[in-house]
Amino acid sequence: QVQLVESGGGLVQAGGSLRLSCAASGSISSIITMGWYRQAPGKERELVARISSGGSPNYADSVKGRFTISRDNAKNTVDLEMNSLKPEDTAVYYCSGFIKLYSGSAYRNYWGQGTQVTVSS
């Protein structure tokens, strides 16, 4: 009923930039929060950045000043601009959305399939 589709991952050298995009589609009534998480090999999934429907962002300390999250409520999309990338940013990046369906009575979290970001040193 809901799909979150990410795009924009890839391989980049340290110091480079990438832009991730995510589009949510389906029988969506409303979305409160959209965000990006990442999971590196052998590590737990962690929050990278999230943004409220009102546009207020939150960032992990490790990406503050380097990453910027933005959102288009009309299109149900969320982007992550990543600058000054470091090898430790290498991970699978997942889009998430806290979404209520037209057919549902409660919000729940949905995930995209993930996109690989690899930063070479």
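Given the structure is predicted, the values throughout are model-derived calculations rather than measurements. (Residues numbered from 1 in each chain as written. Predicted model: local features only at pLDDT ≥ 70, side-chain atom pairs only at ≥ 80, totals over all residues. Heavy atoms only, no water.)

Roughly 150 Å³ of volume is contained in the largest pocket. As for the largest pocket, its lining consists of Arg38, Ala40, Lys43, Glu44, Glu46, Glu88, Asp89, Thr90 and Ala91. (1 Å grid on protein atoms, 1.4 Å probe; cavity = no way out; pocket = protein on both sides within 12 Å on 5 of 7 lines; lining within 4 Å. Points joined across faces, edges and corners; volume = space filled by probe spheres on them.)

Among the six residues of strand β8 (residues 77-82), five are classified as buried, and the element is accordingly described as predominantly covered. Direction of pairing for strand β7 (residues 67-72) relative to β8: antiparallel, over a ladder of six bridges. Within β8, the position partnered with Asp72 by the bridge is Thr77. Taken together, β7 and the strand that follows it, β8, pair antiparallel across an intervening segment of four residues, in which Asn76 is found at a positive phi of about 55°. (Buried < 20%, exposed > 50% of the residue type's maximum accessible area, 1.4 Å probe, protein only. Helix = DSSP H or I, 4+ residues; strand = E, 2+ residues; numbered from the N terminus. Pairing = 2+ DSSP bridges.)

Grouped together as the largest cluster of nonpolar side chains are 30 residues, with contacts concentrated most on Trp36, Leu80, Met82 and Tyr93. If you list the elements that add at least two residues to this core, you get β1 (2-7), β3 (18-26), β4 (28-39), β5 (46-52), β7, β8, β9 (91-101) and β11 (115-120). The biggest single contributor to this core is β9, with five residues. (Core = buried A, V, L, I, M, F, W, Y, C linked by side-chain atoms within 4.5 Å.)

Within the secondary structure, Gln3 is located in strand β1. Between the C-alpha atoms of Gln3 and Trp111, which are 108 residues apart in sequence, the distance is 7.9 Å. Once residues lying within four places of it in the same chain are set aside, the contact partners of Gln3 are Ala23, Ala24 and Ser25. (Contact = heavy atoms within 4.5 Å.)

What follows covers the pattern of salt bridges. As enumerated under the stated definition, the model contains six salt bridges in all. Close ionic contact of Asp89 with Arg38 constitutes a salt bridge, the shortest N to O distance being 2.9 Å. Placement of the pair is Asp89 in the loop between β8 and β9 and Arg38 in strand β4, with a sequence separation of 51 residues. (Salt bridge = Lys/Arg side-chain N within 4 Å of Asp/Glu carboxyl O.)

Here we take up a nonpolar patch on the surface. Where nonpolar side chains cluster on the molecular surface, the patch consists of Ile32, Phe98 and Tyr107 and spans about 230 Å² of accessible area. Mapped onto the elements of the fold, Tyr107 is located in the loop between β9 and β10 (108-111). Relative accessible area serves as the criterion here: at 32%, Tyr107 is assigned to the partly exposed category. (Patch = residues over 30% accessible without salt bridge, like charges linked within 9 Å, V, L, I, M, F, W, Y side chains within 5 Å. Areas by Shrake-Rupley, 256 points an atom, 1.4 Å probe, with all protein chains shown as cover.)

Turning next to the state of the cysteines. Enumeration according to the criterion identifies one disulfide in this entry. Disulfide partner of Cys22: Cys95, at an S-S distance of 2.0 Å. Here Cys22 and Cys95 share a disulfide; its torsion about the S-S bond, -80°, makes the bridge left-handed. One end of the pair, Cys22, is in strand β3; the other, Cys95, is in strand β9, and 73 residues separate them in sequence. (Disulfide = S-S within 2.5 Å.)

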